[in-house]
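Notes for the structure review
Now for the letters of each chain:
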Amino acid sequence: MKYKVKDIKLADLGRKLIETEEPEMPGLMQTRTKYGPKKPLKGARIMGSLHMTVETAILIETLKELGADVRWASCNIFSTNDAAAAAIAKTGTPVFAWKGETVEEYWWCTKEAMTWPDGKGPDLIVDDGGDATLLIHKGLEAERRLAAVKESKVVKESKGIDSLKCPKDLKDFKDFKDIMGLGDLSAEETALYFTIFTTLKKSPHWFSEAAARVKGVSEETTTGVHRLYQLEAKGELLFPAVNVNDSVTKSKFDNIYGCRESLVDGIKRATDVMLAGKNAFVCGYGDVGKGCAESLRENHCRVRVSEVDPICALQACMAGFDVGTVEDALRWANLFVTTTGNVDIITAEHMAKMRDRTIVCNIGHFDDEIQVARLMSWPGVKRTNIKPQVDKFTFPDGHSIYLLAEGRLVNLGCATGHPGFVMSNSFTNQCLAQMKLWKERASAKPQVVRLPKELDEEVARLHLAACGAKLTKLTKRQADYIGVNVNGPFKPDYYRY
């Protein structure tokens, strides 16, 4: 399949949006100018699993300008800009993304974007949240498990499996789950493993061949980076990885400055409420939480935050925010925002005790910060859809809450995500990371690394002219005095900006 988008007729609108946004992404445009003629990604098959927005369209076209062969899927069922997806698909780049995918469609799109016309996989991955990486790792795990079962001729009569000559002999998904010992799965996990099941049924060695081919992944988010470090610590990481998230020009700019603008944009587009005077509670005061709390205060909310980390909690106090727990805020707040990237931050029990008409949303990575599945199955609760990505849940006692984007990213589900200038910083890092991985593909080891400080500074430098900034130049004596090169890098790796 060449592509699957909502409506290819939206391509002309998407092209206008792309052309309008390009001047707001100076880092990417200058990357094309500086590196484009050299085609440093020539021959590289790059699969992207990252929000298919207008800004991402500009990233895709930059990767192509650098010589790459690109295929793309979104990393969130609600984040796709359908016009941007159509515009990219019309150029001949395969895109599998549309706003409002089901979770089953989401994993199908991910696998389609990962599979080239010859049936083989990618050389490099641009990942956001780690789902593309997860699919290959879990797929290979399943492939090996099935091979082990075949080798040992294990028979599980009690599970209804009579024989298993090879993976293709799997009769249905239930057999696969039993062999894998998966037990009860969430809807998301079921969709993931069903995709793995259907892939192996068609091509028993697809994941091992794909894993062997991949030369590296560059990861965009905190959650995805955590996954990579966990795999590395267990000795299970299959290929080299670049931690883009912790580049200063990503973490501080995307996570703080991006959320500072896009959180409120999403809430207001979804609800049309006046934020001034609201009691807002921000779960987490990391980089994302810092941007969100600052944004809500600038909109004249009364803001409190929660934290598990005493350092972040003290930072919040020094910034003038009260620090407390979700439980203590249930009868105070009328807006909750989760930012942690963790699970079960707001539970169904919490929502059952909130004030009437409380707004609940997430700008962390996944939909499991808020217990959405438990909310939907809560005894006696009534769900009323107000408009796409805005749902009212009424509890038996009569009080209601408003859940935005089904607990997924509110800024992308209910608006269009971070502004282009911020994403230009993040995506310039992605381009540099992809070039690094491709250049070092013959020697790099399966470990997680960060981009060198000088590349981080280069990304920042590429954006200064657009802000009208003029750098001061160190003299040789000044540089020697503080022990740096006249042209940088100017800070040691351990420096915290």
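Residues numbered from 1 in each chain as written. Predicted model: local features only at pLDDT ≥ 70, side-chain atom pairs only at ≥ 80, totals over all residues. Heavy atoms only, no water.

**Overview of the overall build of the chain**
Quick reminder of the rule: A run of H or I in DSSP becomes a helix once it reaches four residues, and a run of E becomes a strand once it reaches two; helices and strands are each numbered from the N terminus. Every radius of gyration here is taken over C-alpha atoms, with the globule rule written as 2.2 Å times N^0.38, N being the number of residues. Note on exposure labels: buried denotes an accessible area under 20% of the residue type's maximum, exposed denotes more than 50%, and partly exposed covers the range between, all computed with a 1.4 Å probe on protein chains only. The criterion used for residue contact is that any of the two residues' heavy atoms lie within 4.5 Å. Residue burial considers only the protein chains on display, and all accessible areas are found by Shrake-Rupley using a 1.4 Å probe. Charge counting treats Lys and Arg as positive and Asp and Glu as negative, with His and both chain ends excluded. Here the site of a charge means atom NZ of a Lys, CZ of an Arg, CG of an Asp or CD of a Glu.
Scanning the chain for helices and strands turns up 20 helices and 15 strands. For the chain, whose C-alpha radius of gyration is 23 Å, the value lies close to the compact-globule estimate of 23 Å for 497 residues. If you line up the chain on its principal axes, its C-alpha atoms span 75 × 65 × 45 Å. A burial count over the chain gives 54% of its 497 residues as buried. Taking contacts inside the chain between residues at least 6 apart in sequence as the whole, the part at least 24 apart equals 72%. In the structure as shown, the chain presents an accessible area of about 22,300 Å², 52% of it carried by carbon and sulfur atoms. Looking at the chain, you have 69 positive and 66 negative side-chain charges, and the mean spots of the two groups are 3 Å apart.

**Description of the layout of surface pockets**
If you roll a probe as big as a water molecule over the atoms, it shows you where there is empty space left. To be explicit about the condition: In this analysis a 1.4 Å probe is tested at points of a 1 Å grid over the protein atoms alone, and where it fits but cannot get out there is a cavity; an open set with protein on both sides within 12 Å along at least five of seven lines is a pocket; lining residues have an atom within 4 Å of a point. Grid points are joined across faces, edges and corners, and a volume is the space filled by probe spheres set on the points. In this classification, Asp, Glu, Lys and Arg are treated as charged, Ala, Val, Leu, Ile, Met, Phe, Trp, Tyr, Cys and Pro as nonpolar, and every other residue, Gly included, as polar.
Estimated volume of the second largest pocket: approximately 1,400 Å³. Lining the second largest pocket are 45 residues; nearest its centre among them are Ser-186, Glu-188, Glu-189, Arg-227 and Asp-368. Mapped onto the lining of the second largest pocket, the elements with two or more residues apiece are α5 (103-113), α6 (131-152), α8 (187-202), α10 (222-233) and α16 (372-376). By residue class, the composition of the lining of the second largest pocket is 18 nonpolar, eleven polar and 16 charged.

**What to know about unusual backbone geometry**
Gly-488 connects to Pro-489 through a cis peptide bond whose omega is 5°. In this fold, Pro-489 is placed in the segment after α20 (476-482). Of note in this structure, Lys-39 is not a glycine but carries a positive phi near 45°. With respect to the secondary-structure elements, Lys-39 resides in the loop between α2 (26-35) and β1 (45-49). Of note in this structure, Glu-406 is not a glycine but carries a positive phi near 55°. Of note, Glu-406 is situated in the loop between β14 (400-404) and α17 (410-413). On the accessibility criterion, Glu-406 (25% relative accessible area) is partly exposed.

**Concerning the environment of Ala-466**
Summarising the element assignment, Ala-466 is placed in the loop between α19 (453-464) and α20. For the pair Ala-466 and Glu-24, spaced 442 residues apart in sequence, the C-alpha separation works out to 8.4 Å. Excluding residues within four positions of it along the chain, Ala-466 makes contact with Pro-26 and Phe-421.

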